[in-house]
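Now for the letters of each chain:
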Amino acid sequence: MAKRNDKAAGQAAYRKLKQDLRQGTVGSLYLFHGEEAYLRDHYLDQMKAKLIPPGMESFNYHRLAGKTLTAQRLAETVDALPMMSPRTLIVVQDYDLFKAPEGERKAITQLLEDLPEYCCLVFVYDTLAYKRDARMKKLAGVLQDKGQEVPFLRQETGDLVDWIGRRFRALGHDIDTADAQYLIFLCGDLMHGLIGEIEKIGAYAQGRRVTRQDIDAVAIPVIDAVVFQMTDALSRRQTDKAFSVLTDLQQAPIMILAVLGKHFRQLYTARVALESGKGSRWVMELWGMRSPYPADKLLEGARHHDLAWCKTAMRRCAETDLAMKSVAGADGKDLLVSLLLELSAGGAPC
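The rules behind these values
Residues numbered from 1 in each chain as written. Predicted model: local features only at pLDDT ≥ 70, side-chain atom pairs only at ≥ 80, totals over all residues. Heavy atoms only, no water. Axes fitted to C-alpha atoms, helices over the stretch in contact; angles between N-to-C directions. Helix = DSSP H or I, 4+ residues; strand = E, 2+ residues; numbered from the N terminus. Parallel < 35°, antiparallel > 145°, perpendicular 65-115°, else oblique. Contact = heavy atoms within 4.5 Å. 1 Å grid on protein atoms, 1.4 Å probe; cavity = no way out; pocket = protein on both sides within 12 Å on 5 of 7 lines; lining within 4 Å. Points joined across faces, edges and corners; volume = space filled by probe spheres on them. Phe/Tyr/Trp six-rings, centres within 6.5 Å; stacked < 30°, edge-to-face > 60°. Buried < 20%, exposed > 50% of the residue type's maximum accessible area, 1.4 Å probe, protein only. Disulfide = S-S within 2.5 Å. Core = buried A, V, L, I, M, F, W, Y, C linked by side-chain atoms within 4.5 Å. Pairing = 2+ DSSP bridges. Right-handed = clockwise from strand over helix to strand, strands pointing away.

**Student:** I tried to follow the packing of helix α13 (residues 253-276) against helix α15 (residues 292-302) on my own but got confused; where do I start?
**Tutor:** Think of two packed helices as two axes; the pair is described by the angle between the axes and how far apart they sit. Their axes nearest at 8 Å, the elements α13 and α15 cross at an angle of 75°. Judged on the interaxial angle alone, α15 and α13 are roughly perpendicular. Touching H263, Q266, L267, A270, R271, A273 and L274 of α13 are L298, L299, G301 and A302, all from α15.

See below:
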């Protein structure tokens with residue numbers, strides 16, 4: 001229940017930020033966090049355009065690094081009056097307010113209590129995770145009363161598909177929903193990662209409509225998608241293709257194994273779904289998937305193996321993981337190759 005309430009509050013804060021930007025009622029204190037960096041930077045740029053007249057950025061727009069920030073430096077920047085502009089904008093990058101030394105935290109809390117109206121101060125959590133500490137009641141209270149905490153979360157698949165369509169139209173192309181979902185599956189569901197792939201595909205594609213062949217030709221898949229391709233080849237007894245995919249992977253064997261183990265756990269649950277008469281919706285809810293595409297692919301793969309094989313695959317992944325981490329002198333790549341050989345040979349397809 002608490003998680004749902006947090007999500008609802010985050011969505012409300014996100015909508016309010018967009019409304020404030022539209023209406024020109026930008027506040028004085030914000031905390032931006034969350035993994036969707038593309039959206040965060042987009043709204044920071046909008047905030048800058050709304051508050052700072054062109055050509056006046058060097059006087060009224062200030063970026064401070066959290067690593068070297070002091071309460072005194074922040075106070076001096078806040079006190080700097082705007083020049084030929086009604087507002088100043090201060091962006092503080094990766095400063096953990098709740099982990100600051102006590103003296104600094106108290107000084108910054110006092111500063112935040114009485115920010116001047118001309119100042120807009122934004123704390124951005126990028127490489128640092130943001131987590132409120134309710135034990136620090138004074139700071140938490142000031143942030144709640146005076147600030148707006150805006151999480152930039154991964155977008156729902158429908159919104160992401162619409163955004164991909166708009167980005168391709170801006171490049172003179174169209175893409176259908178199925179291929180947009182495939183692009184999300186292949187390259188991940190973060191806009192920051194997708195935008196570069198969209199630009200490459202848009203430059204490569206010759207026709208008005210982007211095809212799956214265009215995507216496969218230039219897009220760089222995330223490791224989850226590559227491992228999915230490898231295990232799908234194993235399921236179809238395409239051993240040469242599976243090892244070809246493995247050879248192309250540049251990640252450490254332990255990382256590949258971690259993704260492989262997750263995939264076989266998902267495959268097991270997909271097999272359970274088939275035997276229980278459940279569909280992709282059940283698999284999606286179980287694994288927190290935003291799109292039916294990966295769930296449908298899992299169900300398709302699960303049809304090639306029985307439940308016993310899926311259990312064996314999970315167990316052998318766990319045993320190989322233990323061997324990689326605990327056996328002195330163990331060669332991770334050799335262990336991974338042996339695992340794949342064993343899985344490709346064991347168990348008859350359904």
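**Student:** Is there a simple way to think about unusual backbone geometry in this case?
**Tutor:** A negative phi angle characterises most non-glycine residues, just as the trans form characterises most peptide bonds. Within the chain, M84 stands out as a residue other than glycine whose phi angle is a positive 50°. By secondary structure assignment, the location of M84 is in the loop between α4 (71-79) and β3 (88-93). In this structure, D94 is a non-glycine residue whose phi angle is positive, near 55°. By the element assignment, D94 lies in the loop between β3 and α5 (102-113).

**Student:** How should I be thinking about empty space enclosed by the protein in this particular structure?
**Tutor:** Counted by the stated rule, this structure contains one cavity of 30 Å³ or more. Each pocket or cavity is described by its volume, and for the largest cavity that value is around 30 Å³. Around the largest cavity sit F228, T231, D232, S235, H263, L267, K297, L298 and G301, which together line it. Sorting the residues of the lining of the largest cavity by element identifies α11 (223-235), α13 and α15 as the ones contributing at least two each. For the lining of the largest cavity, the leading source of residues is α11, giving four residues.

**Student:** Explain the packing of aromatic side chains to me, please; I cannot follow it from the model alone.
**Tutor:** We describe a pair of aromatic rings using the distance from one ring centre to the other and the angle between the two ring planes. Evaluation of the coordinates by the stated rule reveals 12 aromatic pairs. Between Y38 and W163, the ring centres sit 5.3 Å apart and the planes meet at 65°, which makes this aromatic pair edge-to-face. Placement of Y38 in helix α2 (residues 37-51) and of W163 in helix α7 (residues 157-170) is noted, with a sequence separation of 125 residues between them. Of the residues examined, W163 reaches a relative accessible area of 6% and is grouped as buried. Ring geometry for Y182 against Y293: centres 6.1 Å apart, planes inclined by 65°, an arrangement best described as edge-to-face.

**Student:** I keep staring at the state of the cysteines and nothing clicks. Help me out?
**Tutor:** Covalent bonding between the sulfur atoms of two cysteines defines a disulfide. Evaluation of the coordinates by the stated rule reveals zero disulfides. The structure places no disulfide on C119, whose sulfur is separated from the nearest cysteine sulfur, that of C120, by 6.9 Å. There is no disulfide at C317, and the cysteine sulfur nearest it, in C310, is 11 Å away.

**Student:** Help me out: how do you make sense of the nonpolar core in this one?
**Tutor:** Inside soluble globular proteins, nonpolar side chains tend to come together where they are buried. Counting 82 residues, the largest nonpolar core has F32, M47, I164 and L260 as its most contacted members. Among all residues touching L260, those that are not within four sequence positions of it are V227, M230, T231, C317, L336, L339 and L340.

**Student:** In this structure, what is going on with the pairing of strand β2 (residues 61-65)? I would like to understand it.
**Tutor:** Relative to β3, β2 runs parallel, the two sharing five bridges. Opposite A65, over in β3, you have Q93 as the bridge partner. After leaving β2, the chain enters α4 and then returns to the sheet as β3, a path that is right-handed.

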